[in-house]
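Summary of structural features
Chain residues, written in single-letter form:
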Amino acid sequence: MYELTTDSIIVNTGENAILVIRCKECNSSVIFDDPTDIVYRLAKETPLLYAKLALKENGLQDYVDAMNEFN
């Protein structure tokens, strides 16, 4: 789930562990055409997809680039 107060994605792995992905840190490596880009909505609306992309090298940037092509 997305946690607004910490701007983080929190995932319960089901193995007595919690994964915390800090959006600010992940987003800092992404070049946005617009500062209110789709990746911020992605974190809030589909946090598990955001987490999956954030854990891949260039995953978030590739997502932003693809969305920019569609728009």
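Just so we're clear, the structure is a prediction, and the values are computed from it rather than from any experiment.

Time to look at the environment of Gln-61. Its place among the elements puts Gln-61 in helix α4 (residues 59–70). Accessibility expressed as a relative area gives 15% for Gln-61, which makes it buried. For the pair Gln-61 and Tyr-40, spaced 21 residues apart in the sequence, the C-alpha separation amounts to 12 Å.

In this structure, Ile-9, Val-39, Tyr-50 and Leu-60 are the most contacted members of the largest nonpolar core, which totals 18 residues. Elements represented by at least two residues in this core include exactly β2 (8–12), α1 (23–27), α2 (38–45), α3 (47–54) and α4. Broken down by element, the residue count for this core peaks at 4 residues, all from α2. Those residues in contact with Tyr-50, other than ones at most four positions away along the chain, are Ile-9, Ile-21, Cys-23, Cys-26, Asn-27, Val-39, Leu-42, Ala-43 and Leu-60.

In this section: the sheet that holds strand β3 (residues 18–22). What holds strands together in a sheet is hydrogen bonding between their backbones, with the strands either parallel or antiparallel. With antiparallel pairing, 3 strands are arranged side by side in an open sheet as β1-β2-β3. With partners counted over all chains shown, the strands left at the sheet margins are β1 (2–3) and β3, one partner each. Pairing geometry for β1 and β2, over 2 bridges, is antiparallel. The residue of β2 that forms the bridge with Tyr-2 is Ile-9.

As consecutive antiparallel partners, β1 and β2 are separated by 4 residues, and within that stretch Asp-7 has a phi angle of approximately 50 degrees, a positive value. Examined bridge by bridge, β2 and β3 share 5 bridges and lie antiparallel to one another. Bridging across to β3, Asn-12 finds its partner in Ile-18. Taking the residues between adjacent antiparallel strands as the criterion, β2 and β3 are bridged by 5 residues, where Gly-14 takes a positive phi near 80 degrees.

Residues at a pLDDT of 70 or more form 93% of the chain, whose mean pLDDT is 85. Least confident of the elements in the chain is α2, whose mean pLDDT is 81; most confident is β2, at 92.

Turning our eyes to something else, we now look at the packing of α3 against α4. Packing of α3 against α4 leaves a shortest axis separation of 7 Å and a crossing angle of 115 degrees. Between α3 and α4, the contacting residues are Tyr-50, Leu-53 and Ala-54 on the first element and Gly-59, Leu-60 and Tyr-63 on the second. The residue makeup of the contact of α3 with α4, split by class, is 5 nonpolar, 1 polar and no charged.

Criteria and thresholds
Residues numbered from 1 in each chain as written. Predicted model: local features only at pLDDT ≥ 70, side-chain atom pairs only at ≥ 80, totals over all residues. Heavy atoms only, no water. Helix = DSSP H or I, 4+ residues; strand = E, 2+ residues; numbered from the N terminus. Buried < 20%, exposed > 50% of the residue type's maximum accessible area, 1.4 Å probe, protein only. Core = buried A, V, L, I, M, F, W, Y, C linked by side-chain atoms within 4.5 Å. Contact = heavy atoms within 4.5 Å. Pairing = 2+ DSSP bridges. pLDDT = per-residue confidence, 0-100. Axes fitted to C-alpha atoms, helices over the stretch in contact; angles between N-to-C directions. Nonpolar A, V, L, I, M, F, W, Y, C, P; charged D, E, K, R; others polar.

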